[in-house]
Amino acid sequence: MNKIYITRKLPEAALAKIKQHCDVSIWDEEDTAVPREVLQEQLKDADGLLCLLTERIDEQLLEAAPNLKVISNMAVGYNNIDVEAATKRGIAVTNTPGVLTETTADLTFALMLATSRRLIEASDYLRQGQWKTWSPMQLTGQDIYGATLGIIGMGRIGESVAKRAKGFDMELLYYNRSRKLEAEKTYGMTYADMDTLLSQSDFIVVLTPYSPETVNLIDREQFARMKHTAVLINTARGGIVNEDALYDALTGGRIWAAGLDVFETEPLQPSHRLLKLPNVVAMPHIGSASIKTRTRMAMLAAENLILGVSGTRPLHLVNPEINLF
Ligand SMILES: NC(=O)c1ccc[n+]([C@@H]2O[C@H](COP(=O)([O-])OP(=O)(O)OC[C@H]3O[C@@H](n4cnc5c(N)ncnc54)[C@H](O)[C@@H]3O)[C@@H](O)[C@H]2O)c1
Ligand SMILES: O=C(O)[C@H](O)CO
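Residues numbered from 1 in each chain as written. Chains lettered and ligands numbered in written order. Predicted model: local features only at pLDDT ≥ 70, side-chain atom pairs only at ≥ 80, totals over all residues. Heavy atoms only, no water.

### Remarks on the side chain of T104
Link 1 in the chain: Structurally, T104 can be placed in helix 5 (residues 101–116).
Link 2 in the chain: Of the residues examined, T104 reaches a relative accessible area of 7% and is grouped as buried. (Helix = DSSP H or I, 4+ residues; strand = E, 2+ residues; numbered from the N terminus. Buried < 20%, exposed > 50% of the residue type's maximum accessible area, 1.4 Å probe, protein only.)

The structure is reproduced here in C-alpha cells:
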C-alpha cells in the first residue's frame, strides 16, 4: 500500500476514503500546524502528501522526500508549494478549485457589507455601553446598493462576486489578465485598465492568485488613485496588497475602510497594528469555511491524492507538464 502523510485533522469521510486505499500517518491536530521537522521526517518514505496552505513545500523539503509522487493541496491557491521544484522531480501537484467558489464569494460580500456599514464597530459600540441615544450621523457608512464595484482578478470567485453584485444593482468594472467577453455579457461588466478601475470604484475587491506578478499589486501608487471613500477587500492572499501602504492609506484618510481575510504573515498576531484600526474588518482566513465546503474540499483533495498515487491522472493537476499520467 502507498504511504501517505496528512498534515492536519481532516473531516472523517475524507480520512476514511484515503484509508481504504493507503497506509496513512497524520498530524491529527486541529489548532496547531505540523512542525517542519516532523513533516520532513514523515516525508522520508511517503508516496503521497495531503497538505494545507500553511505548509511551505519547498526544494529543501522535496529533497528529503525521495518517494513522493503527489502533493495534494487542500486549497485552490497553491503558492505555498514550489511547483517548479516538484515538477523537476516528476511530482504531481493538485489543488481543489471550484468547490469553494460560492462560499468564498459569500465571505467577500460579507466583508463588503461589514466594512461599508461598520458592522463590527457598531456591534462593539453597543456591547461596550456607548449607545446613549439615536443621532442622525451616528455610525453612518457607505451604501453598497447602486455603488461601483471593481473586481481585480475575474476568475471563478470574481465571477461569483459579480453575480451577487447584480442583486445590489452595482455598476461592475473588472481587470483581469485577459478579457472575459461571455462574463461581460452575463453580468453587464465593463473591462477597465487598472487606473480606471482604481479611480472609479467605490469597492475594490482583489481576487487574483498570489504569484510573482501579483506581489504588491496594490501598493502606495494604487492607493493614491482610489477615492477617499473607497473600500478595499482582500480575500485572495496577503502580499498582493502591501500592508504598510494599506495601513498608511487607512490612517491617512486615503481610503474609507478595508475588509481582510488574508495577511502577509499568517496567523496574524493580535498585536498587529492593522487590528487597532476601527476601519479594518479582519478575519482569520475563513473564506471557504463552511462545513459543506470544507468537507467537499477535503473529499476532493483525497480524490486527487488517491488517483495520483495509484498512477491515474488526478482531477486537478496544477503541473500537467510532468506528463506521467
Ligand atoms: N480567503 C480564502 O479563504 C480563499 C478561498 C479561495 C481562494 N482564495 C484565493 O483566491 C484566488 C482566486 O481563486 P479562483 O478560484 O477565483 O481562481 P481563478 O484562477 O479562477 O481566478 C484567478 C483570476 O485572476 C486572474 N489573474 C491572474 N494573475 C493576474 C494578474 N497578474 N493580473 C490580473 N489578473 C490576474 C486570472 O486570469 C484569473 O481570471 C486563489 O488563487 C486563492 O489564492 C482565497
Ligand atoms: O486557496 C484557498 O483555497 C483558500 O485560501 C482556502 O480555502
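Once the structure has been displayed, the description carries forward.
### As for the side chain of S72
Link 1 in the chain: As for its position among the elements, S72 is in strand 4 (residues 70–73).
Link 2 in the chain: According to the relative accessible area criterion, S72 is buried, its value standing at 0%.

### What about the layout of surface pockets?
Link 1 in the chain: Within this model, the second largest pocket holds a volume of roughly 390 Å³.
Link 2 in the chain: Lining the second largest pocket we find 22 residues, and of these E121, L277, P278, N279 and V280 sit closest to its centre.
Link 3 in the chain: Elements supplying a minimum of two residues to the lining of the second largest pocket: helix 5, helix 6 (119–127) and strand 12 (280–282).
Link 4 in the chain: If you tally residues by element for the lining of the second largest pocket, the top one is helix 6, at 4 residues.
Link 5 in the chain: Residues that form the lining of the second largest pocket fall into these classes: 14 nonpolar, 4 polar and 4 charged. (1 Å grid on protein atoms, 1.4 Å probe; cavity = no way out; pocket = protein on both sides within 12 Å on 5 of 7 lines; lining within 4 Å. Points joined across faces, edges and corners; volume = space filled by probe spheres on them. Nonpolar A, V, L, I, M, F, W, Y, C, P; charged D, E, K, R; others polar.)

### Quick notes on the pairing of strand 6 (residues 148–152)
Link 1 in the chain: Taking burial as the measure, the 5 residues of strand 6 include 5 buried ones, the bulk of the element.
Link 2 in the chain: Burial along strand 6 is two-sided: the residues T148, G150 and I152 and L149 and I151 are all buried.
Link 3 in the chain: As defined by bridge partners, strand 6 adjoins strand 7 (residues 171–175) across 5 bridges and the pair is classed as parallel. The residue bridging L149 from the neighbouring strand is L172, located in strand 7.
Link 4 in the chain: Of the crossover connections in this fold, the one passing from strand 6 over helix 7 (residues 156–166) to the parallel strand 7 is right-handed.
Link 5 in the chain: Here strand 6 pairs with strand 9 (residues 203–206) via 4 bridges, running parallel. In the sheet register, I152 faces strand 9, and the bridge partner there is V206. (Pairing = 2+ DSSP bridges. Right-handed = clockwise from strand over helix to strand, strands pointing away.)

### Section: the domain arrangement of the protein
Link 1 in the chain: If you check the domain split of the protein, you get domain 1 (2–99 + 291–309) and domain 2 (101–282).
Link 2 in the chain: Computed from C-alpha atoms alone, the centre-to-centre distance between domain 1 and domain 2 is 31 Å.
Link 3 in the chain: Across the contact, 8 residues belong to domain 1 and 5 residues belong to domain 2.
Link 4 in the chain: A buried area of about 570 Å², summed over both sides, lies between domain 1 and domain 2, and 44% of it is on carbon and sulfur atoms. (Domains from an automatic or database assignment. Contact = heavy atoms within 4.5 Å. Buried area = accessible area lost by both parts, 1.4 Å probe.)

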